[in-house]
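Summary of structural features
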Amino acid sequence: MENVVTHEDWKVCFSELAPGLVLFARQFVRTSADAEDIVQDAFVRFWRKEHSIENRGLLYATVRSVALDLLRRDTRRARREANAALEVEQTTAPQFDFDDGSQRELAAAIDRLPVEQREVLVMKIWNELTFAEIGQALAISQNTAASRYRYALAALKKNFVVHE
Amino acid sequence: MNDFSELEAELKKLRPAPASPELTARIERGLAEVSGRTATAGVLPRRRNIRVNWLGLGLGLAAAAALLLLARLDVDQPAGKRQSVVATTPLPFAQPVPVNDAFVPAGLTQVVYDTRDEGLHFPEGSNEPVRRVRSRKRETLKWNNPQTGTSLRVSYPSEEVTLIPVDGQ
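Only a predicted model underlies this, so the values are computations on that prediction, with no experimental measurement involved.

Looking only at helices and strands, one finds 9 helices and 2 strands in chain A. Reading chain A from its N end, one meets helices and strands in the order β-α-α-α-α-α-β-α-α-α-α. When the 164 residues of chain A are sorted by exposure, 50% land in the buried category. Long-range contacts, defined as pairs at least 24 residues apart, comprise 62% of the intrachain contacts of chain A with a sequence gap of at least 6. Carbon and sulfur atoms provide 49% of the accessible area of chain A, an area that totals close to 8,100 Å².

Right, dumping it as C-alpha cells:
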C-alpha cells in the first residue's frame, strides 16, 4: 500500500504557483511590478488565514479581490490603467516570454480580449484550474466559466491563424 | 479532440514571464512583519479576528428557544400517552452498511504555517537546556478509490513541539 508523504512549506507552494498568479494579476494592471504587489498582498492574506493551498479557487479569488480593491482605492491609478489599456502594445511590459513573432501576435490577441474572457483563459490555460475552480474564483457558475472560455477561444481563432 | 485543440496547444506554448526573485523575499518579510515574530521557513499567521454574525446568532437563539419549548411540551405530556407513541412507532430497520475497502491512501500533505522559537528551557530532571520550537501545521490526508475515481480528503490543524538539545559551547 503506497503512502506518499510530502513536507511542504509556503515557499515550495508559492514557487509552483508564482508565474501563474502573477500572470493572472497582470490581467488587472499593466505592469509586472503592480502585479507582483497584488500577488504579495493576496498570498500573505490567504496564507495568514490558514486556508488549504489546494483551495485554488479561493486563492485566485483573493488575488482578484486584492486587484479590484487596489483599482477602486486609487482612482487616479485606475484611470492610468484604463488609459494604458487603450495603448496596450506601446506601454505594457510583455506578459509572456516569446520564441517568435507568431507568439507575440497571439499574446497581443489575448490582450485584446474582454477582461472577463481573458481572466478565464488565463486561469484555464496557464494555471490549469477546472471550470468549477474558476467559477469559485469569479463567483460565477462553472457553465458560465466554460462559456466564457469558449468565447475567448473563438475570438482568438477568428483573429489569429495558427502557424505551422 | 475539439475545434480549439490546435489553438489551445499554441496557447500552452506561451510561457508566462517568471516572477522576480525578490517576490518570495518580499512575501517572507510581509509575513514576518504581520506577526512580529522571527521569520522562518514557515509562515507566521495572525490570530483570526472573531466577528459576531448577529443574524446567525439570532437565528440560532430562536432555534434553541423553539427546541426548549418543544422539549418542555414533551415533558408535560402524560407518561401513558408517551408510551403509546413509542409503542406504535416502527423501529427503523438497520441496514447493514457495506464496507467499502476500495479506498487507498494517496498521500499526506503537511503545510507548516508557523514556526516559533520559544527559547531555552530546562526539562524536569535535566540540567541541560533545550531549545523549544513550536510548529503549527495543517495536515491533509487523501484517499482515492481507483475503481470509481472518487477521492476523500480530510484536513485538520496540528501543533508540534520539538525540543532541540543545545550545544554548551
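Read on for the rest.
As a further point, take the packing of helix 7 (residues 115-125) of chain A against helix 9 (residues 142-159) of chain A. The axes of two packed helices give the description: the angle between them and the distance between them. All names here are of chain A. Viewed as axis vectors pointing N to C, helix 7 and helix 9 meet at an angle of 100°, and their least axial separation amounts to 8 Å. Of the possible angle classes, the one that applies to helix 7 and helix 9 is roughly perpendicular. Residues Glu116, Gln117, Glu119, Val120, Leu121, Lys124 and Ile125 of helix 7 form the contact with helix 9, whose participating residues are Ala145, Arg148, Tyr149, Tyr151, Ala152, Leu153, Ala155 and Leu156. When grouped by side-chain class, the residues that make up the contact of helix 7 with helix 9 number 10 nonpolar, 1 polar and 4 charged.

Turning our attention to the pairing of strand 3 (residues 130-144) of chain B. Residues and elements named next belong to chain B. Across 14 bridges, the pairing between strand 2 (residues 104-121) and strand 3 is antiparallel. Paired with Val111 across the bridge in strand 3 is Arg138. Sheet topology places strand 3 next to strand 4 (residues 151-165); 15 bridges connect them, and they run antiparallel. Residue pairing for strand 4: Val130 is matched across the bridge by Pro165.

Under the counting rule described, the total for this entry stands at 6 aromatic pairs over all chains. Taking the centre distance of 5.4 Å and the plane angle of 20° together, the rings of Phe43 of chain A and Trp47 of chain A count as stacked. In this pair, Phe43 of chain A and Trp47 of chain A are both assigned in helix 2 (residues 32-48), 4 residues apart and thus about one turn of the helix distant. The buried category is assigned to Phe43 of chain A, whose relative accessible area is 1%. Both rings, one in Trp47 of chain A and one in Tyr113 of chain B, keep their centres 5.0 Å apart while their planes meet at 40°; by these two values the pair is tilted.

With that settled, the discussion passes to a nonpolar patch on the surface. Together, Trp54, Leu57 and Leu61 of chain B make up an exposed nonpolar region whose accessible area comes to about 380 Å². Considering the arrangement of structural elements, one finds Trp54 of chain B in helix 3 (residues 54-76).

Here we take up unusual backbone geometry. Outside of glycine, negative phi angles account for most residues, and trans bonds account for most peptide bonds. Residue and element names in this part refer to chain A. Positive phi values are uncommon outside glycine, yet Glu128 reaches one of about 55°. Overall, Glu128 belongs to the exposed group, its relative accessible area being 61%. For Ala139, which is not glycine, the phi torsion reads 55° and is therefore positive. With respect to the element layout, Ala139 can be found in the loop between helix 8 (131-138) and helix 9.

Structurally, the position occupied by Thr62 of chain A is in helix 3 (residues 56-73). Excluding its chain neighbours within four sequence positions, the residues that come into contact with Thr62 of chain A are Ala42, Arg45 and Phe46 of chain A.

On to helix 6 (residues 101-111) of chain A, then. Judged by how many residues are buried, helix 6 of chain A sits mostly within the fold: 8 of 11 residues are covered. Listed as buried for helix 6 of chain A are Ser102, Gln103, Leu106, Ala107, Ala108, Ala109, Ile110 and Asp111 of chain A.

Once that is clear, we can look at the nonpolar core. In terms of nonpolar packing, the biggest core is built from 60 residues, with Phe14, Ile110, Leu121 and Trp126 of chain A together with Leu11 of chain B touching the most fellow members. Ranked by residue count, the leading element in this core is helix 1 (residues 10-26) of chain A, at 10 residues. For Trp126 of chain A, the contacting residues outside a window of four places in its chain are Gly20, Leu23, Phe96, Ile110 and Leu121 of chain A together with Leu11, Lys12, Leu14 and Pro16 of chain B.

This part is about the pattern of salt bridges. Under the definition given, this model contains 16 salt bridges over all chains. Between Asp69 of chain A and Arg72 of chain A there is a salt bridge, and its shortest N-O distance comes to 3.3 Å. One end of the pair, Asp69 of chain A, and the other, Arg72 of chain A, are both in helix 3, 3 residues apart, so they sit about a helical turn from each other. Judged by relative accessible area, which is 58%, Arg72 of chain A ranks as exposed. Arg136 of chain B is paired through a salt bridge with Asp114 of chain B; the nearest N and O atoms lie 3.6 Å apart. Pair noted here: Arg136 of chain B is in strand 3 and Asp114 of chain B is in strand 2, with a separation of 22 residues, a long-range link.

About the thresholds
- Residues numbered from 1 in each chain as written.
- Chains lettered and ligands numbered in written order.
- Predicted model: local features only at pLDDT ≥ 70, side-chain atom pairs only at ≥ 80, totals over all residues.
- Heavy atoms only, no water.
- Helix = DSSP H or I, 4+ residues; strand = E, 2+ residues; numbered from the N terminus.
- Buried < 20%, exposed > 50% of the residue type's maximum accessible area, 1.4 Å probe, protein only.
- Contact = heavy atoms within 4.5 Å.
- Areas by Shrake-Rupley, 256 points an atom, 1.4 Å probe, with all protein chains shown as cover.
- Axes fitted to C-alpha atoms, helices over the stretch in contact; angles between N-to-C directions.
- Parallel < 35°, antiparallel > 145°, perpendicular 65-115°, else oblique.
- Nonpolar A, V, L, I, M, F, W, Y, C, P; charged D, E, K, R; others polar.
- Pairing = 2+ DSSP bridges.
- Phe/Tyr/Trp six-rings, centres within 6.5 Å; stacked < 30°, edge-to-face > 60°.
- Patch = residues over 30% accessible without salt bridge, like charges linked within 9 Å, V, L, I, M, F, W, Y side chains within 5 Å.
- Salt bridge = Lys/Arg side-chain N within 4 Å of Asp/Glu carboxyl O.
- Core = buried A, V, L, I, M, F, W, Y, C linked by side-chain atoms within 4.5 Å.

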